[in-house]
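# Remarks on the overall topology
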Amino acid sequence: MSKDKKVFKVYDKVWVFRNNKAKEMFVFAVIESMGFYKKKDETEKHYRLVNEYCGVGWGNNEGVKFDAETMFNNKQELIESLY
């Protein structure tokens, strides 16, 4: 893994751009699956983000899908990414 890859964990607070607004959300799940070519050393990763902990669960409120490239540790990093 290159050192510029972003890594987030369940319960982390992250900032994303959603509905044309900067928004703080929580990581509900980290999903790692087989890559497109199904090679053993190739995987894809995405995250499920939620607004709050209350009522979160699979099949209930499992959040929205985001990739690490569109997620940021704080609002300032998110704003800087827009330039």
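Residues numbered from 1 in each chain as written. Predicted model: local features only at pLDDT ≥ 70, side-chain atom pairs only at ≥ 80, totals over all residues. Heavy atoms only, no water.

## Some thoughts on the pairing of strand S3 (residues 43-50)
Spelled out, the test is: Pairing between strands is defined by DSSP: at least two bridges between them are needed. Helix and strand definitions here come from DSSP, where helices need a minimum of 4 consecutive H or I residues and strands a minimum of 2 consecutive E residues; each element is numbered from the N-terminal end.
Two elements, strand S2 (residues 21-34) and S3, share eight bridges in a ladder whose sense is antiparallel. Looking across to S3, one finds that glutamate 32 is bridged to lysine 45. Judged from the three bridges that link them, S3 and strand S4 (residues 64-66) form a sheet pairing that is antiparallel. Paired with leucine 49 across the bridge in S4 is valine 64.

## Focus: the pattern of salt bridges
What counts is decided by this rule: When a carboxyl oxygen of Asp or Glu is within 4 Å of a side-chain nitrogen of Lys or Arg, the pair counts as a salt bridge.
Applying the stated criterion across every chain yields a total of one salt bridge. For glutamate 62, the salt bridge goes to arginine 48, with nearest N and O atoms at 3.9 Å. On the criterion of sequence distance, the pair formed by glutamate 62 in the loop between S3 and S4 and arginine 48 in strand S3 is long-range, its members being 14 residues apart.

## What to know about the nonpolar core
For clarity, the cut-off: Within this scheme, the nonpolar core is defined by two criteria: the residues are buried Ala, Val, Leu, Ile, Met, Phe, Trp, Tyr or Cys, and they are joined through side-chain atoms within 4.5 Å. Each residue gets one of three labels from its accessible area relative to the maximum for its type: buried under 20%, exposed over 50%, partly exposed in between, using a 1.4 Å probe on protein chains only. The contact criterion used is simple: two residues touch if any of their non-hydrogen atoms lie within 4.5 Å.
In this structure, Phe8, Val14, Val16, Met25, Val27, Tyr47, Leu49, Phe66, Ala68 and Met71 together form the largest nonpolar core, which totals ten residues. Where this core is concerned, the elements lending two or more residues are strand S1 (13-18), S2 and S3. Excluding anything up to four places from it in sequence, phenylalanine 8 contacts Val14, Val27, Val30, Tyr47, Ala68, Met71, Phe72 and Asn73.

## Regarding the pairing of S1
For S1 and S2, the ladder comprises six bridges, and the chain directions are antiparallel. Note on S2: the bridge partner recorded for tryptophan 15 is glutamate 24.

## Some points on unusual backbone geometry
The backbone of tyrosine 11 sits at a positive phi, close to 85 degrees, despite the residue not being glycine. You can see tyrosine 11 is positioned in the segment before S1. The phi angle at asparagine 20 is positive, at roughly 65 degrees, despite the residue not being glycine.

## Comments concerning the packing of aromatic side chains
What describes a pair of aromatic rings is the distance from one ring centre to the other and the angle between the planes of the rings. To keep it simple, the criterion reads: Put simply, two rings from Phe, Tyr or Trp (the six-membered ring, in Trp's case) pair if the centres are within 6.5 Å, and we call them stacked under 30 degrees between planes, edge-to-face over 60, tilted for the rest.
Within the structure shown, the criterion is met by five aromatic pairs. Arranged with centres 5.7 Å apart and planes meeting at 85 degrees, the rings of phenylalanine 8 and tyrosine 47 form a pair that is edge-to-face. Taken together, the residues phenylalanine 8 in the segment before S1 and tyrosine 47 in strand S3 connect sequence positions 39 residues apart. Relative accessible area serves as the criterion here: at 5%, phenylalanine 8 is assigned to the buried category. Given the relative accessible area of 1%, tyrosine 47 is considered buried. Where phenylalanine 26 meets tyrosine 53, the ring centres are 4.8 Å apart and the plane angle is 50 degrees; that geometry is what we call tilted. A residue pair is termed long-range when its members are at least 10 positions apart, and phenylalanine 26 in strand S2 and tyrosine 53 in the loop between S3 and S4 qualify at 27 residues. Taking the relative accessible area as the measure of exposure, tyrosine 53 reaches 47% and is therefore partly exposed. Among the aromatic residues, ring-to-ring pairing joins Tyr11, Phe26 and Tyr53 into one connected group.

The values are spatial; any link to function lies outside them.
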